[in-house]
Structure formats: C-alpha cells, structure tokens
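One letter stands for each residue in the lines below.
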Amino acid sequence: KLFLQSDNVLTESAKIEVGPGPLALAVAEVDGGKRPHIAVLSGAGSRLAITALTAERKFGPVATVALPGGGGDGKALPWTSVELGPGFLAVLPLAQEPLVFAPYNKGKWDKADPGLVATALAGEGVITAAAVVRGLADARRLALLIAGKDPARECRLVVLAEKGGRFAPLGKPLVLPGLGLGLLAHDFNQDGQDDLFVVLLEEYGFCFARGAEFAPGPRFAAP
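Residues numbered from 1 in each chain as written. Predicted model: local features only at pLDDT ≥ 70, side-chain atom pairs only at ≥ 80, totals over all residues. Heavy atoms only, no water.

In this section: the environment of Ala76. Along the chain, Ala76 turns up in strand S7 (residues 75-81). Classification of Ala76 by relative accessible area gives buried; the value is 6%. Along the backbone, Ala76 and Ala131 are 55 residues apart, and their C-alpha atoms lie at a distance of 9.4 Å. Excluding residues within four positions of it along the chain, Ala76 makes contact with Ala24, Leu25, Ala26, Leu41, Leu48 and Leu89. (Helix = DSSP H or I, 4+ residues; strand = E, 2+ residues; numbered from the N terminus. Buried < 20%, exposed > 50% of the residue type's maximum accessible area, 1.4 Å probe, protein only. Contact = heavy atoms within 4.5 Å.)

Below is the structure:
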C-alpha cells in the first residue's frame, strides 16, 4: 500500500498485488528522475514485482521479473550497473547465485540478468545484510555481511565493486565480533564517502570507510 502525507495526516493512495511472501522493498529512479520505481521482492514467488507512480499518485502496471532460486529470504537494492544501466539488485542468500540484477532497458524491465553475479561468494557463507555504499567520486560499492556456513567461522564485512559487468572483492574483508544482522550506509564523518552502521547480534557500531576498505569504529552493547 502507498500512503501519502498531507497536513500531517497519512492517507492511503493506492495499493498493488505483489504476490505471496513480500520480503523487501527498494526505490530507484531509472528514467531520468521522472517518477520513482518501486520493487517488492516476493520470497515465496522468487520474483520482483516492479511498478511506478503515475501523475495521479497511483501505481502503474506491475512488471514481474522472475528470479532464479531464492525463496525464504532476500533483499532488494537500487543499483546502476556500468555495463547494464539502472535497475534493481536482488540479494538472495539461499540461491546458488546470490546476486541477480534486473535491468531497466528502453522503458521496460528485462528479465533478470546473471551478469553481475560475484563468483567469489560461492561457498563463502550466508549473506545476512546488504547495503549500497557511495564511495569517493560518487563510485558505488556493494557491502555484504556474510556469516560462515560453519558456526565456528566468523562473520565478515565484504565490499564488492563492479568491474567488467561482474562484482569482484575490493580490499580485504573485515572480521566482525559476532553475527551481523543489518547495515546502514551514510557519510557519518562527512568525508565524502559512505561509512557503515553495523548491527550485530549482541552489539552495534560503526565501520568507517578508508578508501577501498573499512576500519572498525566505536561499538556499543545492544540494549
């Protein structure tokens, strides 16, 4: 459902049917900022339901992009690919290929493209959180929290950059002292690049950007 605020009152404007098991939402501007496109990741259906707001503040037709595998968990992020243009990136922790890109080409949503899959993630563990990070010169990076499949393995913060239409690791992973559950990207120290606020099982804190890598900042015990 879409709710709009007017005179400090929220009113329902429109709603769409997106299928069973909605897991995540993402908003992106893919056509020159004319209107925002909204993606809903459906876990049970392994698909992205994508629509845009019309001039009447209603939802337009819904485009459905099938995703390979997945189901049960997932995240959706806006992403502009160097090779494929703007679109949505689906993060599917339980899929064989955990990163799948849905591009927006010539005014329509194409089928999901596996061209951005990061093969370096194969067998590394389960993705528990993801965020798009803005670097220097407005470069975009993808930050992931990955928990090892073996309970004895640590949770790591991995940063990926798109190179030649594929994601590749950038810098060294940062080992975290606990299971990671969430990421929030923002330029906290105002140095022109996004830092990360990391939520762990028993604490939370900051990871500050240092070029291609991140350094741990202040941490606090979870209440």
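Moving on, there is more to tell.
Turning our eyes to something else, we now look at the nonpolar core. Grouped together as the largest cluster of nonpolar side chains are 19 residues, with contacts concentrated most on Leu41, Leu48, Ile50, Leu67, Phe88, Leu92 and Trp109. Elements with a contribution of two residues or more to this core: strand S3 (22-28), strand S4 (37-42), strand S5 (47-52), strand S8 (85-91) and strand S9 (99-105). Counting residues in hydrophobic clusters, the runner-up holds 17 residues, among them Ala129, Leu176, Val198 and Phe214. (Core = buried A, V, L, I, M, F, W, Y, C linked by side-chain atoms within 4.5 Å.)

Here the focus is the pattern of salt bridges. This structure, assessed with the given rule, holds 2 salt bridges. Notably, a salt bridge pairs Arg134 with Asp194, separated by 3.6 Å at the nearest N-O pair. Of this pair, Arg134 sits in strand S11 (residues 126-134) while Asp194 sits in the loop between strand S16 (180-186) and strand S17 (195-200), and the two are 60 residues apart along the sequence. The partner of Glu203 in a salt bridge is Arg219, and the shortest N-O contact between them spans 3.8 Å. Of this pair, Glu203 sits in strand S18 (residues 203-210) while Arg219 sits in strand S19 (residues 213-221); the two residues are 16 residues apart in sequence, bridging distant segments of the chain. (Salt bridge = Lys/Arg side-chain N within 4 Å of Asp/Glu carboxyl O.)

Locating Ala49 in the fold gives a position in strand S5. Take Ala49: its relative accessible area is 2%, and that puts it in the buried class. On a C-alpha basis, the gap between Ala49 and Leu25 in space is 9.8 Å, while along the polypeptide they are 24 residues apart.

Attention now goes to the packing of aromatic side chains. The final tally for this structure, using the stated rule, is 8 aromatic pairs. Here the aromatic cluster, defined as three or more aromatic residues joined through ring pairs, consists of Phe188, Phe197, Tyr204, Phe206, Phe208 and Phe220. (Phe/Tyr/Trp six-rings, centres within 6.5 Å; stacked < 30°, edge-to-face > 60°.)

Once that is clear, we can look at the pairing of strand S13 (residues 155-163). Along a regular strand, successive side chains alternate from one face of the sheet to the other. Across the 9 residues that make up S13, a large majority, 8, are buried. In this structure, strand S12 (residues 140-147) lies alongside S13, joined through 6 bridges in antiparallel fashion. Among the inter-strand pairings, Leu145 is bridged to a residue of S13, identified as Leu157. Across 3 bridges, S13 lies against strand S15 (residues 174-176) in antiparallel orientation. Across the sheet, Arg156 pairs through a bridge with Val175, a residue of S15. Pairing analysis gives 4 bridges linking S13 to strand S14 (residues 166-169), with the strands arranged antiparallel. Bridging from a neighbouring strand, Glu162 pairs with Phe167 of S14. Turn length for the S13-S14 hairpin, with the two strands adjacent in sequence and antiparallel, is 2 residues, and the turn residue Gly164 shows positive phi of about 60 degrees. (Pairing = 2+ DSSP bridges.)

This part takes up unusual backbone geometry. What you tend to see is this: most non-glycine residues have negative phi, and most peptide bonds are trans. A positive phi angle is found at Asn8, which is not glycine, with a value near 65 degrees. Note that Asn8 resides in the loop between strand S1 (2-6) and strand S2 (9-14). The exposure class assigned to Asn8 is exposed, which follows from its relative accessible area of 72%. For Lys106, which is not glycine, the phi dihedral falls at a positive 55 degrees. Structurally, the position occupied by Lys106 is in the loop between S9 and strand S10 (108-109). By relative accessible area, Lys106 is classed as exposed at 88%.

A grouping of Leu179, Leu181, Val199 and Leu201 is seen on the molecular surface, where their side chains present a nonpolar patch of about 320 Å² in accessible area. Mapping Leu201 onto the fold places it in the loop between S17 and S18. (Patch = residues over 30% accessible without salt bridge, like charges linked within 9 Å, V, L, I, M, F, W, Y side chains within 5 Å. Areas by Shrake-Rupley, 256 points an atom, 1.4 Å probe, with all protein chains shown as cover.)

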